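# Per-entry structural report
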Amino acid sequence: MRKPVIAGNWKMHMTCAQAREWMAAFLPLISNTPDDRHLVVAPPFTAISTMAEAAQGSKLELSSQNVHWEGHGAYTAEIAPAMLLEHGVAYAIVGHSEPRKYFSESDEQINHRARSAQSNGLIPIVCVGETDEQRTRGEAERVIRRQVEQGLEGLDPSKLIVAYEPIWAIGTGKTCESAEANRICGLIRSWVGSPDLIIQYGGSVKPGNIDELMSMSDIDGVLVGGASLEAESFARIANYQAS
Ligand code: 13P
């Protein structure tokens, strides 16, 4: 039985003061959310401790937006697993299209990050997805398959989340049709060969499309950017009702 994971990725948004305000608005809205789903937020590093304190005793779990493969060392701007575990962080996003694009993160580096997360008890959320150009050229499946094969090499699929985030759908308001998102998630599941793998969809998820997305057979959750910054809209997403 795959338990859906509804995660908000705050990216480079939210000071500690804003995070506290968000939590004050959000927590009452999830007091009746059923336990059949995980609820997760990935704040910027500076807000993790504030969020961990505010989330105590609630259903909300925390993710980081990155993790390094070394335990410590001369790696300016990076974050080690123990620094996250100290705050009760349970997940780590790796391979998001933004660090892939702006910092040229490779599948090999992403794999190192994901392995480090797993071996330290964090669940990696490994993002994959094609650009608009790659989709137009009919290369989407090949690109995603390479990201999956290289990025997930050596990982235990029972302690892993894959997020299918088509790059053309991120922050554009253009959601991937739910049937197409479901088809790609199904392909990823067949390539990994694990019926229990949790696969999220991400890219312009909103209160208006969450119920349909969560009704799809191979979509086990969502990774939400913009709509997670507003407590009410993320609460509506968290309280989805799948048919
Ligand atoms: P949006 O929901 O803003 O499209 O962002 C998706 C995303 O990148 C989540 O990681």
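Structural notes, computed from the coordinates. (Residues numbered from 1 in each chain as written. Predicted model: local features only at pLDDT ≥ 70, side-chain atom pairs only at ≥ 80, totals over all residues. Heavy atoms only, no water.)

Counted according to the given criterion, the structure contains five aromatic pairs. Both rings, one in Trp22 and one in Phe26, keep their centres 4.4 Å apart while their planes meet at 25°; by these two values the pair is stacked. Highlighted residues: Trp22 and Phe26, both in helix α1 (residues 16-26), separated by four residues, approximately one helical turn. Residue Trp22 is classed as buried on the basis of its relative accessible area, which comes to 4%. On the basis of relative accessibility, which here comes to 0%, the residue Phe26 falls in the buried class. Grouped by ring-pair contacts, the aromatic residues Trp10, Trp22, Phe26 and Phe234 constitute a single cluster. Cation over ring: Arg37 sits above Tyr240, and NZ or CZ is 3.8 Å from the ring centre. (Phe/Tyr/Trp six-rings, centres within 6.5 Å; stacked < 30°, edge-to-face > 60°. Helix = DSSP H or I, 4+ residues; strand = E, 2+ residues; numbered from the N terminus. Buried < 20%, exposed > 50% of the residue type's maximum accessible area, 1.4 Å probe, protein only. Lys NZ or Arg CZ within 6 Å of the ring centre and 35° of its normal.)

Quick look at the sheet that holds strand β7 (residues 198-202) now. Spatially, the eight strands close up into a barrel ordered β1-β2-β3-β4-β5-β6-β7-β8, and their pairing is parallel. On average, each strand axis in the sheet is tilted by 25° relative to the strand beside it, whichever way the strands run. Sheet analysis places strand β1 (residues 5-9) next to strand β2 (residues 38-42), joined by five bridges and oriented parallel. Along β2, the bridge assignment pairs Asn9 with Ala42. (Pairing = 2+ DSSP bridges. Axes fitted to C-alpha atoms, helices over the stretch in contact; angles between N-to-C directions.)

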